[in-house]
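Next come the chains, spelled out residue by residue.
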Amino acid sequence: MDILTLNIRDRELNPIPFFIAPALHDQWQRWLQVYPYRIDQIFWIVDATVNQLHSKILEYYQENTEKTELVVLFPAGEPYKSRRFRDILEDVLLNARINRHSLIIIVGGGTLGDLAGFVAATIHRGIRYVFFPTTLLAQVDSCLGGKVAINHPQGKNLLGTFHYPTAVFIRTRFLRTLPWAEWVNGLAEVIKYALLFDVQLLTVLKKYYREIRARDSVWVQRIIRRSLHWKKWVVEHDPDERWYRASLNFGHTVGHALERYFNYTISHGAAILIGMAVELLLSQRLCSCPGYLLKELQTLLERYPEPSVLQLLNADPDELWRWMQYDKKSDDEVRCSLLHTIGDPCLYEPVSQSQFLYAWESLQNLPLVLDQFDPQSADLSGD
Ligand SMILES: NC(=O)c1ccc[n+]([C@@H]2O[C@H](COP(=O)([O-])OP(=O)(O)OC[C@H]3O[C@@H](n4cnc5c(N)ncnc54)[C@H](O)[C@@H]3O)[C@@H](O)[C@H]2O)c1
């Protein structure tokens, strides 16, 4: 088992532990036994899909957790990260008499983590919560950093705050049931950390792609630990998101424009992967980034094949540019987080329309031959 400690303090000034292992029940019990605060009741908020797929183990956890008061099964996905569903969750918890000494346990991916974390932040002016992330994206990224939010009709994550969990339990066995497209959503973030910071992680992704595709627990645990290590490093250096944390937007300015262009009907991971390819081309032009990094990304796109990446290349670049101008991180100019090279980001770089169009056109000449790989028939049993 890996244990990572985030030196951002929760409100009682305790560092936050992150436990990472295929199974974590014993660790969970031990953690609860030494939990230093009063607990009146425990409220589980569980992604309904995860509950269905992992019902036995979740029942086991709940039956062995004293003070379990209520298990709330909740739908997950972007449409539920809304004011309406926040109201529903708040009503359920308040009707069950949640109080300041209750503990919330969230079991789910990034959307439920964001929604239920936001409710935990505001109900009774903030109560403690524990997160069991169940998607790769949540395990490598959204579980660390304390950002919680819901969407508003005017945009994603417009209502939010920072509220750190008291502990995070990353049980990698949850990932066995994750559909391939969801897997790629998380993998895109892992690839981002590799390109931004970590030559070794890049090598692991290239060399052990068969094991990672088959969700071999040793390699999955390793890529999760490395990704969290880098996110932790960034968050500890820039907890209020004033400066260096912007590096994590690498690939996201173009990626978000692609998502909007396709009206959020495409895979988020595919959009970020193509976003990183365009932003690497921009990095070559504007930040003297060496060309081999794009070749590395090309290899990874081929070895972790997500067919929808090819569809994205048909987008109209002029319209994409318009969406890039709407990006909430831009003021007058479009600015991207690019790269000088691995370990050396090039923050808030202004990008002109002609530079973007040139990069987009260059992308069309990138030969992409995706590996023949059928995720449906992959053997996910070896753990
Ligand atoms: N707070 C942050 O710092 C942060 C960072 C990145 C992304 N996010 C947010 O994360 C959200 C996306 O999260 P996500 O990609 O985890 O999506 P998600 O939570 O919607 O989960 C995707 C789908 O997978 C299902 N699922 C979850 N775990 C599963 C499992 N183990 N097996 C099978 N199916 C499973 C869910 O029911 C859902 O249908 C976005 O709203 C984004 O804004 C937040």
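As the structure is a prediction and not an experimental result, all values here were calculated from the model.

A. Molecular detail of the pattern of salt bridges. A complete count under the given rule lists 14 salt bridges for this structure. Its salt-bridge partner being Asp-141, residue Lys-231 comes within 2.7 Å of it at the nearest N-O pair. Of this pair, Lys-231 sits in helix 10 (residues 217-237) while Asp-141 sits in helix 6 (residues 136-142), and the two are 90 residues apart along the sequence. Comparing Lys-231 with Asp-141 shows no difference in burial state: the two are buried. The salt bridge partner of Arg-213 is Asp-371, with a shortest N-O separation of 3.2 Å. Note that Arg-213 is positioned in helix 9 (residues 209-213) and Asp-371 in the segment after helix 16 (353-364), a separation of 158 residues in sequence. Taking relative accessible area as the criterion, Arg-213 reaches 9% and is therefore assigned buried. For Asp-371, a relative accessible area of 27% gives the class partly exposed. Among the charged side chains, a salt-bridge network with shared partners connects Glu-78, Lys-81, Asp-114 and Lys-156.

B. Molecular detail of the environment of Leu-366. Secondary-structure assignment places Leu-366 in the segment after helix 16. Judged by relative accessible area, Leu-366 falls into the buried class, the value being 18%. Sequence spacing of Leu-366 and Ala-277 is 89 residues, and the spatial spacing of their C-alpha atoms is 9.6 Å. When near neighbours in sequence (up to four residues on either side) are disregarded, Leu-366 contacts Leu-294 and Gln-298.

C. Just the pairing of strand 10 (residues 334-341), in detail. The sheet contact formed by strand 10 and strand 11 (residues 344-351) spans 6 bridges and is antiparallel. Pairing of Leu-339 across the sheet is with Pro-345, part of strand 11. Joining the antiparallel neighbours strand 10 and strand 11 is a turn of 2 residues, in which Gly-343 adopts a positive phi near 85 degrees.

D. Examining the site of the ligand more closely. Neighbouring the ligand are 26 residues; Asp-47, Glu-78, Gly-110, Thr-135 and Thr-177 lie closest to it. Within the side chain of Lys-156, a nitrogen or oxygen atom sits 3.5 Å from an oxygen atom of the ligand. Summarising the interface, the protein chains cover 86% of the accessible area of the ligand, which totals 870 Å² for the free molecule. Looking at the shell around the ligand, the elements that each hand over two or more residues are helix 2 (48-53), helix 5 (110-122), helix 6 and strand 8 (155-162).

E. Structural detail: the nonpolar core. Core analysis: the largest hydrophobic core is formed by 112 residues, its most contacted members being Ile-104, Leu-195, Leu-205 and Leu-258. Residues from two domains meet in this core; each of domain 1 (2-177) and domain 2 (180-367) gives at least three. Formed by 22 residues, the second largest nonpolar core is a distinct cluster that contains Phe-19, Ala-21, Leu-32 and Leu-58.

F. The environment of Ser-217, seen in detail. Along the chain, Ser-217 falls in helix 10. Measuring from C-alpha to C-alpha, the distance between Ser-217 and Arg-173 comes to 7.8 Å, with 44 residues separating the pair along the chain.

Reading the values: rules and limits
- Residues numbered from 1 in each chain as written.
- Predicted model: local features only at pLDDT ≥ 70, side-chain atom pairs only at ≥ 80, totals over all residues.
- Heavy atoms only, no water.
- Salt bridge = Lys/Arg side-chain N within 4 Å of Asp/Glu carboxyl O.
- Helix = DSSP H or I, 4+ residues; strand = E, 2+ residues; numbered from the N terminus.
- Buried < 20%, exposed > 50% of the residue type's maximum accessible area, 1.4 Å probe, protein only.
- Contact = heavy atoms within 4.5 Å.
- Pairing = 2+ DSSP bridges.
- Near = heavy atom within 4 Å.
- Polar contact = N/O pair within 3.5 Å; in protein donor to acceptor, adjacent residues only side chain to side chain.
- Areas by Shrake-Rupley, 256 points an atom, 1.4 Å probe, with all protein chains shown as cover.
- Core = buried A, V, L, I, M, F, W, Y, C linked by side-chain atoms within 4.5 Å.
- Domains from an automatic or database assignment.

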